[in-house]
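# Coordinates in review
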Amino acid sequence: MFESKLPNLGTSIFSQMTALANQFTAINLSQGFPEFDAPELLKKQLNHYVLEGVNQYSPSSGVPRLQQQIAQLAKRKYAAEIDAMQQVTVTSGATEALFVAIQALVRDGDEVIVFDPAYDSYQPAIELAGGKSVNIALQAPSYAIDWQLVASAINNNTRAIIINTPHNPSGKTLKQHDINALKALVAEHDLYVISDEVYEHITFDDNPHLSVLSDEVLFARSFVISSFGKTFHSTGWKMGYCIAPAALAVEFRKIHQYVTFSSFTPVQHALADMLEQQGEHVDELSEFYQQKRDVLSNALKDSRFTVLPSEGTYFLLLDYSDISNLSDIEFCHWLVEQAGVAAIPLSVFYQQPSSDKVIRLCFAKNEATLLQAAEILCQL
Ligand SMILES: Cc1ncc(COP(=O)(O)O)c(C=O)c1O
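Summary of the structure given here. (Residues numbered from 1 in each chain as written. Predicted model: local features only at pLDDT ≥ 70, side-chain atom pairs only at ≥ 80, totals over all residues. Heavy atoms only, no water.)

### Things to note about the packing of helix H13 (residues 280-299) against helix H15 (residues 367-378)
Applied cut-off: Only the contacting stretch of a helix is used when fitting its axis, a line to C-alpha atoms as for every element, and angles between N-to-C directions run 0 to 180 degrees. Strands are runs of DSSP state E lasting at least 2 residues, helices are runs of H or I lasting at least 4, and numbering of each runs from the N terminus. Throughout, the term roughly parallel applies to angles under 35 degrees, roughly antiparallel to angles over 145, roughly perpendicular to angles from 65 to 115, and oblique to all others. By definition, turning the near helix anticlockwise from the far helix through less than a right angle yields a left-handed crossing, and turning it clockwise yields a right-handed one. By definition, residues are in contact when any of their heavy atoms lie within 4.5 Å. Three classes are used: nonpolar for Ala, Val, Leu, Ile, Met, Phe, Trp, Tyr, Cys and Pro, charged for Asp, Glu, Lys and Arg, and polar for all others, with Gly counted as polar.
Where H13 contacts H15, the two axes come as close as 9 Å, and the packing angle between them is 20 degrees. The pairing of H13 with H15 is recorded here as roughly parallel in orientation. You can see that H13 and H15 cross each other, and the crossing is right-handed. Only Glu367, Leu370, Leu371, Ala374 and Cys378 of H15 make contact with H13, whose side of the interface consists of Gln291, Lys292, Val295, Leu296 and Ala299. Residues belonging to the contact of H13 with H15 are distributed by class as follows: 7 nonpolar, 1 polar and 2 charged.

Here it is in structure tokens:
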């Protein structure tokens, strides 16, 4: 019998729901990927570099002109002074960056504080590094962090805190008081931060994205991670990056070089062109997605769901407690099989599944798809 290192893991709910959506030809608002394509320029430039023969290994930490564009974006958005060559590492998606940052940080017996509902890659990566995740559950509908509770969870083994803002799945953004509280705890207990900011350019209603990059003191102990998949509607390209202070970047790169060595070269050049020539794409993203959020939430106004507020990301949470007593997993199975809409149950994002009756919808879809889904949901 082969002894599994991750005995409790099976096929993720995201794969399961997408398979069910296909099987029942349901509208798939479960997995978080856009229904629309990457920008023309980006595709054209990728094609160009492939045909030009720019097809060999890039430097392990990335193509320098892309590293520079990333540093410039951080300066333009967050007034951060980033040394492109020493602090920016291009990765094969944010997932790789998260995995590598966790391997660099976490030693045998270390504890890492994770906020549930949490993105599903954190915990396995912590466990593979020999650490333990200490999961703090955030409650619907506010999903606010109780920093007193965080303080009480810290002990001598605590090594790091993982934050995610804007937050998948709740759509919450951290506020200045959250950043202040985090900063105080990090300083007091000598902790590190992994800041998952993959939805950094998608915030609504004039809510700013508060990046760890804009706080020099906090950044000094942080790995800041983002994803081009989210920003440029190209999740299948799996391109991301990590920005970290030089001393941490050195450790990050030691592991990155033996996970992938380097990421897809032609797309790195295409991304550099895109950032250089069409920087406005990044600035227009919030408005683009806010409009979609509004289409979906307005279309659900007369439904029996309670729509929870979404301040960022491309997710919307719905409370269905007025419609059904089923658990959220049962409800999502019923929804995809009987009603024809695929969603994700919130409990799968928790280590100790909550009994909240909440599901997540992805609104990175065309308006017609959103309206069609809403029409079905309004009949329930
Ligand atoms: C919170 C969060 N972090 C990380 C990722 C992974 O990003 P990538 O596709 O670039 O690996 C995702 C993707 O869904 C996400 O939602």
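Still more ground to cover, so stick around.
### Here's the deal with the layout of surface pockets
This is how the line gets drawn: In this analysis, the protein atoms alone were mapped onto a 1 Å grid. Cavities are point sets where a 1.4 Å probe fits without being able to get out; pockets are open sets with protein on both sides within 12 Å along at least five of seven lines; lining residues have an atom within 4 Å of a point. Grid points are joined across faces, edges and corners, and a volume is the space filled by probe spheres set on the points.
Its volume calculated, the largest pocket comes out at about 770 Å³. Asn8, Leu9, Asp120, Gln123 and Val348 are the residues nearest the centre of the largest pocket, which is lined by 27 residues in total. Elements with a contribution of two residues or more to the lining of the largest pocket: helix H1 (13-23), strand S3 (111-116) and helix H6 (122-128). Residue composition of the lining of the largest pocket, grouped by class: 14 nonpolar, 10 polar and 3 charged.

### Topic: the sheet that holds strand S12 (residues 344-345)
The criterion, for reference: DSSP calls a pair of strands paired once it identifies at least 2 bridges connecting them.
Reading across from one edge, S9-S10-S13-S12 is the order of the 4 strands in this open sheet, with antiparallel pairing throughout. Each having just a single partner strand, strand S9 (306-307) and S12 make up the two edges of the open sheet. Two elements, S12 and strand S13 (residues 358-362), share 2 bridges in a ladder whose sense is antiparallel. Counted as the bridge partner of Ile344 is Arg360 from S13.

### Some remarks on the sheet that holds strand S6 (residues 192-196)
Taking strand neighbours across the sheet as the criterion, the 7 strands line up as S2-S8-S7-S6-S5-S3-S4 in an open arrangement whose pairing is mixed. Each edge of the open sheet is held by one strand with a lone partner, namely strand S2 (88-91) and strand S4 (132-137). Neighbouring strand axes in the sheet, compared pairwise and without regard to direction, differ in orientation by 20 degrees on average. Examined bridge by bridge, S3 and strand S5 (residues 158-164) share 4 bridges and lie parallel to one another. Across the sheet, Ile113 pairs through a bridge with Ile161, a residue of S5. Running over the sheet, helix H3 (residues 64-78) touches S2 and strand S8 (240-243) and is turned about 115 degrees from S2. Relative to S2, helix H11 (residues 246-259) is tilted by about 25 degrees, and along the sheet it contacts S2, S6, strand S7 (222-227) and S8.

### A look at the nonpolar core
We apply this condition: What we call a nonpolar core is a set of buried Ala, Val, Leu, Ile, Met, Phe, Trp, Tyr and Cys residues that are connected through their side-chain atoms within 4.5 Å. For every residue, the accessible area obtained with a 1.4 Å probe (protein chains only) is divided by the maximum for its type, and the residue is called buried under 20%, exposed over 50%, and partly exposed between those limits. Either an automatic procedure or a domain database provided the assignment from which the domain bounds are taken.
Phe115 and Ile359 are the most contacted members of the largest nonpolar core, which has 129 residues in total. Residue-level mapping places this core at the junction of two domains, with at least three residues from each of domain 1 (13-38 + 281-378) and domain 2 (40-278). Residue contacts for Phe115: discarding those within four places in its chain leaves Ile136, Leu138, Ile145, Trp147, Val150, Ile161, Ile162 and Ile163.

### Let's talk about the site of the ligand
To keep it simple, the criterion reads: Put simply, a residue is near a molecule or strand once any heavy atom of it comes within 4 Å of that molecule or strand. Polar contacts here mean pairs of N or O atoms no more than 3.5 Å apart (in protein, one a potential hydrogen donor and the other a potential acceptor; neighbouring residues in sequence count only if both atoms are side-chain atoms). Areas reported here follow the Shrake-Rupley algorithm with a probe of radius 1.4 Å; residue values treat only the protein chains shown as occluding. Just a note on the criterion: a molecule sits in a pocket or cavity if more than half of its atoms are within 2 Å of the grid points.
The immediate surroundings of the ligand are formed by 13 residues, with Thr95, Asp196, Ser227, Lys230 and Lys238 found nearest. Here a nitrogen atom of the ligand and a side-chain polar atom of Asp196 are 2.6 Å apart. Taking Ser227, its side chain carries an N or O atom lying 2.7 Å from an oxygen atom of the ligand. In the complex, the protein chains occlude 93% of the 400 Å² of accessible area that the ligand would expose alone. When atoms are counted within 2 Å of each cavity's grid points, the one that captures over half of the ligand is the second largest pocket. With 4 residues, the single largest contributor to the shell around the ligand is helix H5 (residues 93-105). Within the shell around the ligand, the residues separate by chemical class into 5 nonpolar, 5 polar and 3 charged.

### Things to note about the packing of H5 against H11
Where H5 meets H11, the axes come as close as 9 Å, and the angle between the chain directions of the two elements is 125 degrees. Overall, the two elements H5 and H11 adopt an arrangement that is oblique. Viewed along their axes, H5 and H11 form a crossing whose handedness is right-handed. Of H11, the residues touching H5 (which contributes Glu96, Ala97, Val100, Ala101, Gln103 and Ala104) are Glu251, Phe252, Ile255, His256 and Val259.

### Side note on the side chain of Ser133
Counting through the fold element by element, Ser133 comes out in strand S4. A relative accessible area of 7% means that Ser133 is categorised as buried. For Ser133, the side chain forms a polar contact with the side chain of Asn135, separated by 2.7 Å. Apart from residues lying up to four places away in sequence, Ser133 is in contact with Val112, Val114, Gln123, Ile126 and Gln351.

### Comments concerning the pattern of salt bridges
Short version of the rule: A side-chain nitrogen of Lys or Arg and a carboxyl oxygen of Asp or Glu constitute a salt bridge if their distance falls within 4 Å.
As enumerated under the stated definition, the model contains 15 salt bridges in all. With a closest N to O distance of 3.3 Å, Lys43 and Glu40 form a salt bridge. Note that Lys43 and Glu40 are positioned in helix H2 (residues 40-52) at a spacing of 3 residues, about one turn of the helix. Judged by relative accessible area, which is 27%, Lys43 ranks as partly exposed. Classification of Glu40 by relative accessible area gives exposed; the value is 59%. Two residues, Lys254 and Glu251, come together in a salt bridge whose shortest N-O distance is 2.9 Å. Here Lys254 pairs with Glu251, and both are found in helix H11, just 3 residues apart, close to one helical turn. Residue Glu251 is classed as partly exposed on the basis of its relative accessible area, which comes to 35%. Via salt bridges that share partners, Asp37, Glu40 and Lys43 belong to a single interconnected network.

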